[in-house]
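# Overview (structure and organization)
The chain contents come next:
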Amino acid sequence: MNEIAVTVREVSAALALLEEQSEQISSIVGVIHEIADQTNLLALNAAIEAADRGIRTRFCGSNRRLANQKNAGRCKTLATH
């Protein structure tokens, strides 16, 4: 009967240690989730900024082409007069 009591105490101690380690792991996983969320927000922000720069670049390029076309047309008009 004494052996059973000793075994129960050992198992109880092991379970208490397991519970403590489980809480530590849970805390670490929570930190990892927070880091992942922040990383995802940063990546989303970077993608939005890159898309915005791409749109602005295309817009400016289109405006430059239109300006060059208008200037070329003006130069032709001036050259023929």
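A few points on the structure. (Residues numbered from 1 in each chain as written. Predicted model: local features only at pLDDT ≥ 70, side-chain atom pairs only at ≥ 80, totals over all residues. Heavy atoms only, no water.)

### Topic: the overall build of the protein chain
Within the protein chain, the regular secondary structure consists of one helix and zero strands. With 81 residues in all, the protein chain has 1% of them scored as buried. Roughly 7400 Å² of accessible area belongs to the protein chain as shown, and the carbon and sulfur atoms make up 63% of that amount. (Helix = DSSP H or I, 4+ residues; strand = E, 2+ residues; numbered from the N terminus. Buried < 20%, exposed > 50% of the residue type's maximum accessible area, 1.4 Å probe, protein only. Areas by Shrake-Rupley, 256 points an atom, 1.4 Å probe, with all protein chains shown as cover.)

### A word on a nonpolar patch on the surface
On the surface, a nonpolar cluster with roughly 380 Å² of combined accessible area is contributed by Met1, Ile4 and Val8. Note on placement: Met1 falls in the segment before helix 1 (2–80). (Patch = residues over 30% accessible without salt bridge, like charges linked within 9 Å, V, L, I, M, F, W, Y side chains within 5 Å. Salt bridge = Lys/Arg side-chain N within 4 Å of Asp/Glu carboxyl O.)

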